[in-house]
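# Observations on the three-dimensional arrangement
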Amino acid sequence: MTLKKKLAVSTLAVSLAAASFAGIPFSSEGLAKQLGFTGVAAASAVTQDTVKDKIKKLYAELDEAGRKNLLAYQTEASSITTTQFENIFSAFLNNEKLGLSADNKDTLYTAFVGVSSVVYDVYDGDYSKIKEIRTNAENIKLLKEIAVKANVADLTFDDVVDFIFGENGVEATLRSLVSSKTKEELIAIATNPAGQEELFNEAIDKVLNTRTGSTGAATVSQVVYNLNITSADVKATLKTFNTEIKSAKPAVQSLVLAYIRAFGLGNGGPVDPGTPGTPGTNPGGGDSSPGTPAVTVVVKDGGVYDVSKLVSIVDGKATLKLVDADVLKAFDALVAAAKAAGKEAKDLTLTLDLGTVNAKTVEVPLSKAIIDAAKAKGIANIGVTFNGLTVTIPVGQFDAAIALTVSNADDAVVTSVTKLKLASSVYEFGLTVDGKAVTTFKQPITLKLPLKNTEGLDKELLSVTKLVYNSLQFQGGVLDGDYIVEPRDTFSSYAVLENKVSFSDIASVQAWAGRQIQVVAAKGAIEGVGDGKFAPKSNVTRAEFAKMLIRGLNLENSSATQSFSDVRANDWFAPYVAVAAEKGIINGRGDNKFDPNATITRAEMATMISRALKSVKDIKDTASLSALSAFSDAAKISSTLKEGVAFAASHDLVIGNAGKFNPNNSATRAEAAVIIYRTINFK
């Protein structure tokens, strides 16, 4: 066998031993029917067919010696004494929080003996005893009592099946860990028994630390956690199990060899562990060097990784079940592609493509291993796309596992509170960090929402809209073909609406500012003054323009901070000033003051716009001051503002009047709307 196969024998052996004493009998066919799986309790991580097929293939590869070892295990395990049983499972049976009665312990002992007594029998197709054990009223009652004491909704045999065989279970975790190790790591582990134990301990810790989601594995892990049973207790139990039941290791070794013949290692295909092979390859044997994983992860142009086959749906909820090792390979492929294209391998985005998902709710968990690896490899963002929707998450802000949840809400959620026309589905977004729900983020998460039913709508008036307590907050967004893109620093319910806004007092500026006012107002970047009026010729304060600019360019970030002495934390404009200050868009007016209520000049407005665009668009070049020659009053522009005005003028963001720029004149609301409109449409 290759070094990697030897390693797998030791690690998978413990996994299958766990399966044996956890009460999971192996059968060759008819498993789903005989066990009476409902497909609900085991959630999405393991299905009837996957368990049935896996066990059927496993048994088909048992040789005569393996069957004898299995029979020996059945004979010994089914006849252990209550003293032996209590010694093996003392960490569980004597748990104070669980508080098992003598009758409870007898029920567990009987269940264990019953399961062990049919491990070999099912090889010949006898399932009657399995069904009897699984449907036994006392067994079911005890599991429900344990669920209550562990404060979980329910606990079933199906959950235990998922804990062992599910995609987040012991078996899958061990396979993932083995396939993700480097050659040097495998050599170190294989030549050191302590290293092998460490690998298994890592798997146990990982599985038991996954307590979020709807899988059976998560349920069992949550039960263990809530009962204050540690991973050390679980490891000690496994060790005692193999000491007390001498036939366990030979039986498990036989199952492991059959397992390798049936499924291979890591994510590879079937192999014969007894067949010599080429060193350094996954198929075949040989002792020369560890094999390399057989799975090839393909990352398409644009950093798209197809994970559609890893989506499972149960009761209207779709869950993506990623293999950490494969995602890490996708990271490496993305980095390699960037380098091959002559690009610096940083600030990259890997997008997970779930394809078409026919479910109301979609959950995408990203493990801590994935988050940490992304940051280490220069992957700035992980995107999630399905059904035309894309959510792009800057992962550098997280230090723990996260899970994105997106649900489709009924259109009535929005249409019941407004007569404005709906131009997208209604989405409810959620995110958990280390299992805890969060609604605000240090770095905004970008939503790319697909549009629908837009015929006859004015697309320039479309706005991403947040629903808060039956009221609408218009957030803006940038059109991108049949999509609208909007970064959000908070999560809630969102939809796209055509936001037609009209004002009764803009006739005097309609020719040069009417449309611009309407569009900027539709995006929620500028508001009226009440009674259907806009007051187009009124002056704009510095605080008001800060809000217009930050809202117009979708730069809101609730975690931004500022230190101006004249801006209090509870001022309505404080969050906008904070973002503008943090991004270097504003510098204040000296003495650590922002002077929020002072009117903003045209030159100041042009400079803020220029700085904002350079920040957002990552523009490095500076405009030539020669652009100011178009204005006869250029000499009146403050030296600290000339570069900003020149940039704005050279990109037609500001236009003079009769050859003058009037830099020190106070800007009007109509002028502010026009410059914000031009900024929104800057290419």
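Refer to the structure presented above.
Residues numbered from 1 in each chain as written. Predicted model: local features only at pLDDT ≥ 70, side-chain atom pairs only at ≥ 80, totals over all residues. Heavy atoms only, no water.

## Digging into the layout of surface pockets
Approximately 1200 Å³ is the volume attributed to the second largest pocket. Listing elements by their share of the lining of the second largest pocket, those giving two or more residues are β7 (379-386), β8 (389-394), β13 (440-450), β16 (478-480), β17 (483-490), α22 (574-582), α23 (602-617) and α25 (669-680). Residues belonging to the lining of the second largest pocket are distributed by class as follows: 15 nonpolar, eleven polar and eleven charged. (1 Å grid on protein atoms, 1.4 Å probe; cavity = no way out; pocket = protein on both sides within 12 Å on 5 of 7 lines; lining within 4 Å. Points joined across faces, edges and corners; volume = space filled by probe spheres on them. Helix = DSSP H or I, 4+ residues; strand = E, 2+ residues; numbered from the N terminus. Nonpolar A, V, L, I, M, F, W, Y, C, P; charged D, E, K, R; others polar.)

## Digging into the packing of helix α21 (residues 542-552) against α22
Running from N to C, α21 and α22 point in directions that differ by 70°, and their axes come no closer than 9 Å. Judged on the interaxial angle alone, α22 and α21 are roughly perpendicular. Here α21 contributes Ala 546, Lys 547, Ile 550 and Arg 551 to the contact with α22, which in turn contributes Tyr 576, Val 577, Val 579 and Ala 580. Its residues assigned to classes, the contact of α21 with α22 comprises six nonpolar, no polar and two charged. (Axes fitted to C-alpha atoms, helices over the stretch in contact; angles between N-to-C directions. Parallel < 35°, antiparallel > 145°, perpendicular 65-115°, else oblique. Contact = heavy atoms within 4.5 Å.)

## Details of the nonpolar core
In a soluble, globular protein the nonpolar side chains are often hidden away together inside. Within the largest apolar cluster, 68 residues are counted, with the highest numbers of intra-cluster contacts made by Ile 517, Phe 545, Leu 549, Ile 585 and Ile 676. The set of elements that each furnish at least two residues to this core consists of α20 (510-522), α21, α22, α23, α24 (642-650) and α25. If you tally residues by element for this core, the top one is α25, at eight residues. In this view, Ile 585 contacts Leu 549, Ile 550, Leu 555, Ala 580, Met 608, Arg 611 and Ala 612; residues no more than four positions away in its chain are not counted. Counting residues in hydrophobic clusters, the runner-up holds 56 residues, among them Leu 334, Leu 354, Ile 371 and Tyr 427. (Core = buried A, V, L, I, M, F, W, Y, C linked by side-chain atoms within 4.5 Å. Buried < 20%, exposed > 50% of the residue type's maximum accessible area, 1.4 Å probe, protein only.)

## Let's talk about the pairing of strand β11 (residues 426-433)
As judged from the eight bridges shared by strand β9 (residues 402-409) and β11, these two strands associate in the antiparallel manner. Each residue of the ladder has a partner; that of Ala 409, found in β11, is Val 426. When β11 meets strand β18 (residues 493-498), the two strands line up antiparallel, connected through two bridges. Its bridge partner lying in β18, Tyr 427 is registered against Tyr 494. As judged from the three bridges shared by β11 and strand β12 (residues 436-438), these two strands associate in the antiparallel manner. For Thr 432, the partnering residue across the bridge sits in β12 and is Ala 437. Between β11 and β12, which follow one another and run antiparallel, lie two residues, and Asp 434 among them has a positive phi close to 55°. (Pairing = 2+ DSSP bridges.)

## Digging into the side chain of Gln 475
Looking at the secondary structure, you find Gln 475 in strand β15 (residues 471-476). Only 3.2 Å separates the side chain of Gln 475 from the side chain of Arg 488, close enough to count as a polar contact. In contact with Gln 475, not counting residues within four places along its chain, are Ser 463, Val 464, Lys 466, Glu 486, Arg 488, Tyr 494, Lys 523, Arg 551, Asn 554 and Glu 556. (Polar contact = N/O pair within 3.5 Å; in protein donor to acceptor, adjacent residues only side chain to side chain.)

## Describing the sheet that holds strand β2 (residues 304-306)
Strand order in the open sheet made by the eight strands is β1-β2-β5-β7-β8-β13-β17-β16, with mixed pairing throughout. Each edge of the open sheet is held by one strand with a lone partner, namely β1 (299-300) and β16. Sheet topology note: the β8/β13 ladder contains three bridges and is antiparallel. Residue pairing across strands places Thr 392 opposite Thr 446, the latter belonging to β13. Sheet contacts for helix α17 (residues 324-340): β1, β2, β5 (348-355) and β7; angle to β5, the most-contacted strand, approximately 130°.

## Quick look at the packing of α23 against α25
Running from N to C, α23 and α25 cross one another at 20°; their axes reach a closest spacing of 11 Å. Considering the angle they form, α23 stands roughly parallel to α25. Crossing geometry of α23 relative to α25 is assigned as right-handed. Taking contact as the criterion, the partners of Arg 602, Met 605, Ala 606, Ile 609 and Leu 613 in α23 are, on α25, Glu 671, Ala 672, Ile 675, Ile 676 and Thr 679. Taken together, the residues of the contact of α23 with α25 break down into seven nonpolar, one polar and two charged. (Left-handed = near helix turned anticlockwise from the far one by under 90°.)

## Side note on α24
If you check which residues of α24 are buried, you get Gly 644, Val 645, Ala 646, Phe 647, Ala 648 and Ala 649. Among the structural elements, α23 are those in contact with the buried residues of α24.

## What about the side chain of Asp 324?
Tracing the backbone shows Asp 324 in helix α17. For Asp 324, a relative accessible area of 11% gives the class buried. A polar side-chain atom of Asp 324 sits 3.0 Å from a polar atom in the side chain of Ser 367. Excluding residues that lie within four positions of it along the chain, Asp 324 makes contacts with Ser 176, Lys 206, Ser 367, Ala 369 and Ile 370.

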